[in-house]
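Remarks on the overall topology
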Amino acid sequence: MSRRTKELGGGELEAAAMDVVWERGGWVSVSEVRTALTKDRPLSYNTVLTIMVRLFEKGRLERRRDGRAYLYQPVQSRERYTASRMEQILDTTADRPAALASFVDSLGESDRRQLRRMLDRLGGPR
């Protein structure tokens, strides 16, 4: 799990919970997520349950019954989620080409080479 500060707000707790779910790779219980999160900070079971329910209601997790409890798994991979967030952010700009150019300018050379290889594979321009 990525290291975060010990005092986290709601959005940061959701992000930390998603980190755990993605790292576990499969169906996880609230107890498993709580165990992983409480290594860095004390959290009650109900707090983690609330976080998981919120993530489910936001469409970030799916869930299934497991006895009296639920198991959760991510709807999207971390990579697909990141890509969709990038798309959402690009949709907010008035000048998409300028935003893309600025993003590419901010990349390191290794990332630029990777981007060129991916565009070449897709038949995109250099």
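Everything below is about the structure printed above this text.
Notes on the structure follow. Bear in mind that the values here come from a model prediction, so they are computed numbers and not experimental data.

Okay, the overall build of the protein chain next. When helices and strands are counted, the protein chain shows six helices and three strands. Buried residues in the protein chain amount to 25% of all 126 residues. Partitioning the contacts of the protein chain with sequence separation of at least 6, the portion at a separation of at least 24 is 40%. Summing over all exposed atoms, the protein chain offers an accessible surface of approximately 8,600 Å²; the carbon and sulfur share of this is 51%.

In this section: the pairing of strand E2 (residues 61-66). As defined by bridge partners, E2 adjoins strand E3 (residues 69-74) across six bridges and the pair is classed as antiparallel. The residue bridging Arg 63 from the neighbouring strand is Tyr 72, located in E3. The turn joining E2 and E3, which pair antiparallel and follow one another in sequence, is formed by two residues; a positive phi near 70 degrees is taken by Gly 67.

Pairing in this open sheet of three strands is antiparallel, and the strands run E1-E3-E2 from one edge to the other. Here the strands that pair on one side only, and so sit at the sheet edges, are strand E1 (28-29) and E2. The sheet contact formed by E1 and E3 spans two bridges and is antiparallel. Directly across from Ser 29, in E3, lies its bridge partner Leu 71. Helix H3 (residues 45-57) contacts E2 and E3 of the sheet and is inclined by roughly 120 degrees relative to E2.

What follows deals with the pattern of salt bridges. Applying the stated criterion across every chain, the model contains seven salt bridges. For Lys 58, the salt bridge is made with Glu 14, and the minimal N-O distance between the two is 2.8 Å. Remark: Glu 14 occurs in helix H1 (residues 10-24) and Lys 58 occurs in the loop between H3 and E2; sequence separation between them is 44 residues. On the basis of relative accessibility, which here comes to 55%, the residue Lys 58 falls in the exposed class. With a relative accessible area of 8%, Glu 14 lands in the buried category. The salt bridge involving Asp 91 is made with Arg 96; its shortest N-O contact spans 2.8 Å. For Asp 91, a relative accessible area of 57% puts it in the exposed group. Here the residues in one salt-bridge network are Glu 109, Arg 113 and Arg 116, joined through shared partners.

Right, let's talk about the layout of surface pockets for a bit. When its volume is computed, the largest pocket comes out at roughly 520 Å³. Those elements giving two or more residues to the lining of the largest pocket turn out to be helix H4 (78-91), helix H5 (96-106) and helix H6 (109-122). It is H6 that provides the largest number of residues to the lining of the largest pocket, a total of seven residues. Of the residues in the lining of the largest pocket, the class split is 12 nonpolar, one polar and four charged.

Conventions we followed
Residues numbered from 1 in each chain as written. Predicted model: local features only at pLDDT ≥ 70, side-chain atom pairs only at ≥ 80, totals over all residues. Heavy atoms only, no water. Helix = DSSP H or I, 4+ residues; strand = E, 2+ residues; numbered from the N terminus. Buried < 20%, exposed > 50% of the residue type's maximum accessible area, 1.4 Å probe, protein only. Contact = heavy atoms within 4.5 Å. Areas by Shrake-Rupley, 256 points an atom, 1.4 Å probe, with all protein chains shown as cover. Pairing = 2+ DSSP bridges. Axes fitted to C-alpha atoms, helices over the stretch in contact; angles between N-to-C directions. Salt bridge = Lys/Arg side-chain N within 4 Å of Asp/Glu carboxyl O. 1 Å grid on protein atoms, 1.4 Å probe; cavity = no way out; pocket = protein on both sides within 12 Å on 5 of 7 lines; lining within 4 Å. Points joined across faces, edges and corners; volume = space filled by probe spheres on them. Nonpolar A, V, L, I, M, F, W, Y, C, P; charged D, E, K, R; others polar.

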